Amino acid sequence: MNQALQSARRIYGLVYRHIALYRRSWPRLLEIAYWPTLELLVWGFTANYFSHAAQSGTANPTLLAGGALIAGVLLWEVTLRGQLGVTYTFLEDIWARNLGHVFVSPLRPAELIASLLGVSLCRTLVGLLPATILAYLAYSFNIFGFGPVLLLFFLNLLVMGWWVALLIVSLLFRYGAGAEALAWTVAFGITPFACVFYPVASLPPFLQPVALALPAAHIFEGMRTALLTHQLDGASLAAATALNAFWIAVALIIFALQFRAARIRGALINIGE
């Protein structure tokens, strides 16, 4: 009985250690319920869109079943890969305890950002190439059928991934490695409001302003218009570009402020601990 009690206490000690860790780290606590809720929102809104479209008879069944979904997946991966390319590259320096060494050199913050964006671009292009080929071979979907407008879609979605990543890196400067879970959760959490698989009108009215504040929602509205009418939706592209310009400016300001604060606190040296 005494051995069993001691064993139970040791087990409780290990469990409590992790409970205390989650209690002191809101990003870890948030992640527990994050993915089930996210999946429910994305596919719930998608099902709602399909249901209403089928009842009204206004939607093109081919568009609903094929092109819009595949194009949405491929184009949204541009944002996801772009964001992960920046944050993952930055986290590698944190995990290697290398961030302090990097900034001992004459490296400037702008040069760090430029290098992170360069790596992100390379990772995005390499990562999307197999998926693009597979979409054509398996589903006969040619993403290049959008024509030159595809480049505008790509650039806007990539820039969105970049400013999201800079905001995440700013949080890493502020909270350290305890916030690294945000690198994998934030961009995915935007998915329900990016309207990748359904129009903005499918969202509840109180969420529609949130979606319209994101460049991605305008890009995917333009994508669906291009699939249906084979015409460029200039208004959607202009809105996405303007929003990206605003958000990238905000992200750069926050990055600069958090970098300066981390340097003053000496966090650049022990941020990985």
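Owing to the predicted nature of the structure, the values given are computational and were not obtained by experimental measurement.

Definitions and limits used
- Residues numbered from 1 in each chain as written.
- Predicted model: local features only at pLDDT ≥ 70, side-chain atom pairs only at ≥ 80, totals over all residues.
- Heavy atoms only, no water.
- Salt bridge = Lys/Arg side-chain N within 4 Å of Asp/Glu carboxyl O.
- Helix = DSSP H or I, 4+ residues; strand = E, 2+ residues; numbered from the N terminus.
- Buried < 20%, exposed > 50% of the residue type's maximum accessible area, 1.4 Å probe, protein only.
- Core = buried A, V, L, I, M, F, W, Y, C linked by side-chain atoms within 4.5 Å.
- Contact = heavy atoms within 4.5 Å.
- Phe/Tyr/Trp six-rings, centres within 6.5 Å; stacked < 30°, edge-to-face > 60°.
- pLDDT = per-residue confidence, 0-100.
- Expected span 1.5 Å × (residues − 1).

Turning to the pattern of salt bridges, a few remarks are in order. For the structure on display, the rule yields 2 salt bridges. Across the pair R81 and E77 runs a salt bridge, and its minimum N-O distance is 2.8 Å. With R81 and E77 both in helix α3 (residues 61–95), this residue pair falls 4 residues apart, about one helical turn. Take R81: its relative accessible area is 29%, and that puts it in the partly exposed class. We note a salt bridge from E221 to R224, for which the minimum N-O separation is 3.9 Å. With E221 and R224 both in helix α9 (residues 215–229) and 3 residues apart, this pair spans about one turn of that helix. By relative accessible area, which is 5% here, R224 ends up buried.

Another aspect to go through is the nonpolar core. Formed by 66 residues in total, the largest nonpolar core has its most connected members in W76, F90 and F146. With 16 residues, helix α6 (residues 149–175) is the single largest residue contributor to this core. Leave out the neighbours within four places in its chain, and W76 touches M160, A187, I190, T191, A194, V196, A216 and F220.

Let's shift gears to the packing of aromatic side chains. Counted according to the given criterion, the structure contains 7 aromatic pairs. Ring centres 5.4 Å apart and planes at 20° place the aromatic pair W163 and W247 in the stacked group. Taken together, the residues W163 in helix α6 and W247 in helix α10 (residues 234–265) connect sequence positions 84 residues apart. Accessibility expressed as a relative area gives 4% for W163, which makes it buried. On the basis of an interplanar angle of 65° and a centroid distance of 5.5 Å, the ring pair of F173 and F255 is categorised as edge-to-face. With F173 in helix α6 and F255 in helix α10, this residue pair connects regions lying 82 residues apart in the sequence. For F255, a relative accessible area of 2% puts it in the buried group. Among the aromatic residues, those joined into a ring-pair cluster are F90, F173, F255 and F259.

If pLDDT is low for a region, its predicted coordinates should not be looked at in detail. Put simply, the chain has an average pLDDT of 78, and 73% of its residues get 70 or more. Mean pLDDT per element in the chain: helix α2 (residues 26–56) is the minimum at 59, and helix α8 (residues 208–212) is the maximum at 92.

Right, let's get into α6. Given a rise of 1.5 Å per residue, 27 residues ought to cover 39 Å, and the 39 Å separating the end C-alpha atoms of α6 matches this to within 8%. With respect to burial, α6 is a largely interior element, 19 of its 27 residues being buried. Two residues or fewer past α6, G176 is found with a positive phi of approximately 75°.

This paragraph deals with unusual backbone geometry. Non-glycine residue C195 carries a positive phi angle of around 55°. On the secondary structure map, C195 appears in the loop between α7 (182–194) and α8. C195 gets classed as buried once you look at its relative accessible area, which sits at 0%.

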